[in-house]
Amino acid sequence: MRGLRLLLLPLALLCAAAAAAPIRFQNSMAQRTLACTSCHGSEGRAGPDGYYPRIAGKPAGYLYNQLLHFRDGRRHYGLMTGLLDPLSDAYLHDIARHFASLDLPYPPPQPPTAPAEVLERGRLIALQGDAERRIPACAACHGKALTGVVPNTPGLLGLSRDYLNAQLGAWRTGQRRALAPDCMAEIARRLEPEDLSAVTAWLAAERLPANAKPVSPEPPPVARKKGRRAQPAPAPEPPPMRCGAATPPPAEAAR
């Protein structure tokens with residue numbers, strides 16, 4: 001018994017010293033956003049249950065818009081609204097830029113459980129769309145590799161099927177909204193339920209490319225010269241739909 005007390009004494013002293021040691025405040029955005037990572041996973045890598053999505057590495061404009069939507073009532077989740085309600089546009093933009101700057105590896109996707117024909121239907125819609133129902137390809141807006149396009153369009157890979165189903169369902173029912181024109185709400189309503197399920201099954205099972213970062217928009221084409229006269233360059237292909245987005249606050253805005 002005396003030997004046990006001798007063993008426990010150093011442990012008790014160590015615990016007491018740790019409890020007495022003050023927590024050092026680093027005054028960094030990483031420390032200020034610990035409330036975010038308690039749900040969204042370490043450094044925003046995604047929650048373990050698949051309900052809280054990855055926010056690390058998403059385009060800053062997209063993250064900023066989502067923070068505004070939660071704060072201003074276009075998206076509905078009481079915990080998010082309560083955290084964001086007192087924060088200014090400029091501070092929300094700082095949070096968005098912090099998580100957008102993180103470059104962290106993605107976990108491998110979960111093995112698909114849907115039949116091969118369902119996955120193929122999902123692949124076709126994601127990469128080619130469905131002209132008959134006026135559904136543009138996911139890749140037309142979210143990038144050819146589906147990793148997102150800066151500043152406002154997120155990647156679709158590396159997300160769980162449950163999360164993708166929940167968000168598309170929320171758009172269909174009006175529980176999730178964006179600034180007008182709300183292009184995703186329109187697309188979600190055009191999708192048949194079985195096609196929606198096929199798309200999310202394929203996206204959730206697709207492996208990310210080696211470079212999973214969002215891409216920059218393609219620059220305007222340069223005029224080609226032929227002889228002495230410059231030939232007009234072909235016009236860039238317009239996006240299939242216009243999507244609303246908030247303008248970031250000026251850099252000098254008060255925090």
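Scroll up for the structure.
Asker: Any chance you could explain the state of the cysteines here in plain terms?
Answerer: Each disulfide is one covalent bond, formed between the sulfur atoms of two cysteines. Taken as a whole and judged by the stated rule, the model has one disulfide. Between the sulfur atoms of Cys183 and its disulfide mate Cys243 the distance is 1.9 Å. The S-S bond linking Cys183 to Cys243 shows a torsion near 110°; that makes this disulfide right-handed. With Cys183 in helix H10 (residues 183-190) and Cys243 in the segment after strand S4 (229-231), this residue pair connects regions lying 60 residues apart in the sequence. By relative accessible area, which is 10% here, Cys183 ends up buried.

Asker: Please clarify how the packing of helix H4 (residues 60-72) against helix H6 (residues 89-100) should be interpreted in this entry.
Answerer: Relative orientation and spacing of two packed helices are given, respectively, by the angle between their axes and the distance between those axes. Here H4 crosses H6 at 135°, and the two axes come no closer than 8 Å. With respect to H6, the axis of H4 lies oblique. When you trace H4 past H6, the crossing you get is right-handed. Facing Ala60, Leu63, Tyr64, Leu67, Leu68 and Arg71 of H4, the residues of H6 in contact are Asp89, Leu92, His93, Ile95, Ala96, Arg97, Phe99 and Ala100. Class assignment for the residues of the contact of H4 with H6 results in ten nonpolar, one polar and three charged.

Conventions we followed
Residues numbered from 1 in each chain as written. Predicted model: local features only at pLDDT ≥ 70, side-chain atom pairs only at ≥ 80, totals over all residues. Heavy atoms only, no water. Disulfide = S-S within 2.5 Å. Helix = DSSP H or I, 4+ residues; strand = E, 2+ residues; numbered from the N terminus. Buried < 20%, exposed > 50% of the residue type's maximum accessible area, 1.4 Å probe, protein only. Axes fitted to C-alpha atoms, helices over the stretch in contact; angles between N-to-C directions. Parallel < 35°, antiparallel > 145°, perpendicular 65-115°, else oblique. Left-handed = near helix turned anticlockwise from the far one by under 90°. Contact = heavy atoms within 4.5 Å. Nonpolar A, V, L, I, M, F, W, Y, C, P; charged D, E, K, R; others polar.

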